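An overview of the molecular structure
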Amino acid sequence: FQLYGYCYQDSNDIPDTLTTITELGSPLEMIQLLQTSWEDRFRICLSLVRLLHYLAHSPLGSVTLLDFRPRQFVIVDGELKVTDLDDASIEESSCTSNSDCFMEFPARNFTLPCSVEGRCQSMNEKRNLYNAYRFFFTYLLPHSAPTSLRPLLDKIVNATGNSNTHSTAECLALELSPSPSVNSEFTQKCVKSANTKYRRVPEAFIPDENYRCWPSYHHKGCLLSVFDVNEAIEICDSYSQCKAFVLTNQTTWTGRQLVFFKMASNHIMPDPDKITYVKVTD
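Structure report, in brief. (Residues numbered from 1 in each chain as written. Predicted model: local features only at pLDDT ≥ 70, side-chain atom pairs only at ≥ 80, totals over all residues. Heavy atoms only, no water.)

**Thoughts on the sheet that holds strand 13 (residues 257–262)**
Here we have five strands laid out as an open sheet, ordered 10-14-12-13-11, and antiparallel in their pairing. The sheet is open, and its two edges are formed by strand 10 (198–205) and strand 11 (222–226), each paired on a single side. Between one strand and the next, the sheet's axes are offset by a mean angle of 30°, whatever the strand orientation. Pairing of strand 11 with strand 13 involves five bridges; the strand directions are antiparallel. Counted as the bridge partner of Leu 223 is Phe 260 from strand 13. (Pairing = 2+ DSSP bridges. Helix = DSSP H or I, 4+ residues; strand = E, 2+ residues; numbered from the N terminus. Axes fitted to C-alpha atoms, helices over the stretch in contact; angles between N-to-C directions.)

Here you go:
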């Protein structure tokens, strides 16, 4: 979280008061996040993974967030950032045997190895990782994920939930997914030829004829991201009300193109930045 400034204030009521000035973020509302596109939710999880990796290798040592809950985070420019560090700790638990390295959570418990130095191995890191699983990954990653990415995502979610990952570096397999894997997934999915034919109308746009779909980047229409025109055709074929779609020159953060799907093509207007595809009817 970006710190812009701070000041100390010593008053009679509260001595040694520290006031910080930080960047402004949006409160994290899980229900709202579940209604956003998978790409946006993936981006949040990816930023959380990077945060976990930093906490595990910070200049102070391995840092754990003892109060690791959604209310401790905000969204800034589509990424997750922690705002409350009052309950952060760099103390690794001391131990004489493995039984001293017992971690208890509401759903399950774990016992970590006791090192020869008398410290519970990676306890801070494991605590952060499991909390990330139970509060974030399990909700945000699998829901409406691309089909061929699900085995990888299931592996990551199950590994964090079972505490089988060796470190957060292993969880950084997520880093491989944003652009290459997401796009290659749709490349493989869309190689099949479409039965429906479409007429290409360059430099054209359909301003009206909207219908709503979920998830959509536009609350009054059906605006989705695609890898290429083949995927757009497949999506349009899957909606009975879709009779046309418009390729825009806008992309998501993973490089996927935004496309408007339309109910009809009665009114087509010139637009040099868009390409319209109209379903051909017999």
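**Remarks on the sheet that holds strand 5 (residues 73–76)**
The antiparallel open sheet is built from three strands, whose spatial order is 3-5-6. In this open sheet, the two strands that pair with only one neighbour each are strand 3 (26–27) and strand 6 (79–82). Here two bridges tie strand 3 to strand 5, and the two strands are oriented antiparallel to one another. Opposite Pro 27, over in strand 5, you have Val 74 as the bridge partner. Across the face of the sheet, helix 2 (residues 38–56) comes into contact with strand 5 and strand 6 while running at roughly 40° to strand 6. (Contact = heavy atoms within 4.5 Å.)

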